[in-house]
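# A structural walkthrough
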Amino acid sequence: MDSQTKENLKGLPLPELEARILAMGHPAFRARQLYRWMYKERESDFQKMTDLSKQFRQHLEEQFTLPKIEVSETHPSDDGTVKYLVRLPDGQQVESVFIPTEGRATLCVSTQVGCKMACTFCATGYQKFVRDLKAWEIVDQLLSVPHPRPVTNIVLMGMGEPFDNYEEVMKALKLFNDPMGLKIGKRHITVSTVGITDKIQDFIDASLGKLAISLHGTTDEQRSHIMPINAKFPLKELMDTCRSLRFRGTERVTFEYILIKDFNDSDEDAHRLIKLVHDIPSKINLLAYNENPFVDFKRPSEDRVLRFQNILLKHHLTSTYRRSRGRDVAAACGQLRIEAENRLKRQAWERLKSVQVSANL
Ligand code: SF4
């Protein structure tokens, strides 16, 4: 069997892996050993799985593959953040970002190549959608990248809209959660959506991670201007859905709100935001817009952000202000991929020019 026809074992849930191993004529417990090698030891080479019999390793090698994503660029920031451009087996590239803070190390992973949502404040929104990531490609951003220290938290806030790739994202969350493997508990996993309302309750019921919703606007007009999805799922529908959510325990929604200078950062916006969320168990994460060369939005001053936050706090809303990380390494979502693609196009153009020049000589 050549590598094209071999089946990829990465990303299979344990029961499916057991079924494959049984079908090969080996006992089901071998699947658990293999699973541990893949997700605990993070091994991608069957031959290095030394407590599996030689014959079993040979059978695995003949029938299956364990592909890996590869880091194509690493951009460390002065503040400890590391931005990675990773290459998938078909040559497509996505970004993931390692963000260390005191007591935790968060990895922000991508779920799609490009994105259909076309948010105008986001560099990824300007890239055409190419394809969904498979569950294993989402998880491999943790498994196959040599991060500076062990990752404790996962956020699905990189390139792509997670709920637009719902099935594969849910499979990936199960792999992150699995106590036999990566052991990242659901309280340490956050999935961020632009507000695809018909998936929200399903996600809460699955109980595989915490929910964050990108709000970024306090009126339909404002939100539609930067998030086209608002035409399909307008603000009232989104907030009604959040209001009616049936949570288990003490969970709540996190609303992400990026403050953009002179667009959504006024006192009136703060008061409208309070009205929108005051009766929803929630907290608000404020971020100041991360300027990038592709979009003409500006970052508000620190004073403006703190004034906005103070209004929320005075009205007893839980609100945090997350300072941007990795601003010196093109940290805006999607920026690195665009820059890498432009660089490749420039190199191809230079090569073409030099071929033409030498042909004319
Ligand atoms: S903000 Fe998220 S959903 Fe919107 S375009 Fe960017 S990656 Fe897609």
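Taken together, Cys115, Met117, Ala118, Cys119, Cys122, Thr124, Gly125, Gly158, Gly160 and Val194 form the complete shell of residues around the ligand. Along the lines of polarity and charge, the residues of the shell around the ligand split into 6 nonpolar, 4 polar and no charged.

Here we take up the pattern of salt bridges. Applying the stated rule across the entire model yields 20 salt bridges. Put simply, Glu251 and Lys186 hold a salt bridge, and the shortest N to O gap is 3.5 Å. A residue pair is termed long-range when its members are at least 10 positions apart, and Glu251 in the loop between helix H9 (235-243) and strand S12 (253-259) and Lys186 in the loop between helix H5 (166-177) and strand S10 (189-193) qualify at 65 residues. Given a relative accessible area of 22%, Glu251 falls into the partly exposed group. Asp240 is the salt-bridge partner of Arg243, the closest N and O atoms lying 3.0 Å from each other. In this pair, Arg243 and Asp240 both sit in helix H9, 3 residues apart, roughly one turn of the helix.

Glancing now at the domain arrangement of the protein chain. Assigned domains of the protein chain: these are domain 1 (7-65) and domain 2 (70-341). When each unit is reduced to the centre of its C-alpha atoms, the spacing between domain 1 and domain 2 is 34 Å. On the domain 2 side, the residues contacting the 11 residues of domain 1 number 12 residues. Between domain 1 and domain 2, a total of about 1,100 Å² is buried, with carbon and sulfur atoms accounting for 63% of that surface. Taken together, domain 1 and domain 2 are joined by 1 salt bridge. The interface formed by domain 1 and domain 2 includes 2 residue pairs in polar contact (both at pLDDT 80 or more).

Thresholds applied
Residues numbered from 1 in each chain as written. Predicted model: local features only at pLDDT ≥ 70, side-chain atom pairs only at ≥ 80, totals over all residues. Heavy atoms only, no water. Near = heavy atom within 4 Å. Nonpolar A, V, L, I, M, F, W, Y, C, P; charged D, E, K, R; others polar. Salt bridge = Lys/Arg side-chain N within 4 Å of Asp/Glu carboxyl O. Helix = DSSP H or I, 4+ residues; strand = E, 2+ residues; numbered from the N terminus. Buried < 20%, exposed > 50% of the residue type's maximum accessible area, 1.4 Å probe, protein only. Domains from an automatic or database assignment. Contact = heavy atoms within 4.5 Å. Buried area = accessible area lost by both parts, 1.4 Å probe. Polar contact = N/O pair within 3.5 Å; in protein donor to acceptor, adjacent residues only side chain to side chain.

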